[in-house]
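Chain residues, written in single-letter form:
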Amino acid sequence: QVTMAEKILVTGGAGYIGSHCVLELVEAGYVPVVIDNFHNAIRGADTLPESLRRVQQIVHQPILFQELDITDEAALQELFSKHRFSAVMHFAGLKAVGESVQKPLEYYRVNLTGTIRLLETMKAHGVRNIVFSSSATVYGDPKYLPLDENHPVGGCTNPYGKSKYFIEEMIQDLCKAERDWNAVLLRYFNPIGAHESGMIGEDPQGIPNNLMPYVAQVAVGRREFLSVFGNDYKTDDGTGVRDYIHVVDLAKGHIAALKKLKENCGCKIYNLGTGTGYSVLQMVRAMEKASGREIKYKITGRREGDVASCYANPALAERELGWKAAFGLDKMCKSIPPPWHAVCRWLPRFWPTHHRCSLPVAGEDLWRWQLQNPTGF
């Protein structure tokens, strides 16, 4: 537990990953202060985003929130004058790969200048600890697999990935120039799933850019079929392979990163993934199992900016952060006949973490969220 509850600024905290991290922060004894500009969040009652209104219901305490755009320097300065933050968790930014190819300038304006303003404001107010939401897209087309943190970066296949790479470079340069800065850059693989309450989850505005929300919307009847982009990749079934990590595991990784900052760690970089890749069709089958419904799909052409396979070597995070994805597909789950997947859901409470079940869990959590919220928030 944290002594004298520390205030953590969470930018973009009303989004999918941000809201799950806000929940974990509260449960770990921190006081999150959330800013968001509603670009990818739904308004709820009392000026709060709906995602955070639900987080309040889950944790039974109020969440501090202010509507704010990180490119607004004056508003940032005012916010930092009002609160004493011990660290910043930076999620705010635009994040659709396809859209970034169409609108590169907008992605650079929001992601880069937004981060520069944030870092300048932190510097002015003596806040020198940051956890940054980066992405495995910084690795570009993998030269080898699994991807470890020493894999070359910067050969990004789209402006979204480049913006993450540029921000990583900026933060690393800042930490070199000013030795009292501490930063943890977290390279996410593919977050999926939802909180087990089914109250918060991924609610993409418009057509989902990510596979699993799309699959869930097909299962719930919101969309007719899934388009599978390419089945001619050099993978087992020809469809793209990705490392899918449960969003709650991801959020717990951020709590571990905050603790790392306390060690005056300088600039550290970690992959957050499970270390296992699953193909698009394997994910479709996992979701069919979780939902008990058939998911129709059509094979279409490859999508620009996509790579064949991408999965993590997460050993460094386990070694240095003491963090490991608890929801990794393991033999126990595979060997249990399908009806037992429901039992799997509750076993983790009585079972050592390395026996936890994975994709079924992520699938079931995602399906619970989708069923309870067929049209999102």
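It should be noted that the structure appears before, not after, this text.
Because the structure is a prediction, the values reported are computed rather than measured.

Quick look at the pairing of strand β8 (residues 226–229)
Piece 1. Residues L226 and V228 line the buried face of β8, whereas the alternating positions S227 and F229 sit on a face that is not buried.
Piece 2. Inspection of the sheet shows β8 paired to strand β13 (residues 297–300) by four bridges, in the parallel sense. Among the inter-strand pairings, F229 is bridged to a residue of β13, identified as T300.

Here's the deal with the nonpolar core
Piece 1. Judged by nonpolar contacts, the single largest core of 48 residues is most densely connected at L52 and L258.
Piece 2. Listing elements by their share of this core, those giving two or more residues are β1 (7–11), α1 (16–27), α2 (50–59), β4 (85–90), β6 (182–188), α8 (247–261), β11 (267–272) and α10 (315–321).
Piece 3. Examining the composition of this core, we find that nine residues originate from one element, α8, more than from any other.
Piece 4. If you look at the next biggest cluster of nonpolar residues, it comprises 27 residues, including I70, F85, V88 and I167.

Here we look at the sheet that holds β1
Piece 1. Read from one edge of the open sheet, seven strands run β3-β2-β1-β4-β5-β6-β11, paired in parallel fashion. The two strands at the open ends of the sheet, each matched to only one other strand, are β3 (64–67) and β11. Averaged over neighbouring strand pairs, the angle between their axes works out to 20 degrees when direction is ignored.
Piece 2. By the bridge criterion, three bridges tie β4 to strand β5 (residues 129–135) in an arrangement that is parallel. For H90, the partnering residue across the bridge sits in β5 and is F132.
Piece 3. The strands that α1 touches are β1, β2 (31–36), β4 and β6; relative to β2, the one it contacts most, it runs at about 165 degrees.

What to know about the packing of helix α9 (residues 280–291) against helix α13 (residues 359–372)
Piece 1. Where α9 meets α13, the closest approach of the two axes is 9 Å, and the angle between their N-to-C directions is 60 degrees. With respect to their mutual orientation, α9 and α13 come out oblique. Between α9 and α13 lies a crossing of right-handed hand. Within the contact between the two elements, α9 uses M283, A286, M287, A290 and S291 and α13 uses L359, G363, E364, L366 and W367.

What counts and how
- Residues numbered from 1 in each chain as written.
- Predicted model: local features only at pLDDT ≥ 70, side-chain atom pairs only at ≥ 80, totals over all residues.
- Heavy atoms only, no water.
- Buried < 20%, exposed > 50% of the residue type's maximum accessible area, 1.4 Å probe, protein only.
- Helix = DSSP H or I, 4+ residues; strand = E, 2+ residues; numbered from the N terminus.
- Pairing = 2+ DSSP bridges.
- Core = buried A, V, L, I, M, F, W, Y, C linked by side-chain atoms within 4.5 Å.
- Axes fitted to C-alpha atoms, helices over the stretch in contact; angles between N-to-C directions.
- Contact = heavy atoms within 4.5 Å.
- Parallel < 35°, antiparallel > 145°, perpendicular 65-115°, else oblique.
- Left-handed = near helix turned anticlockwise from the far one by under 90°.

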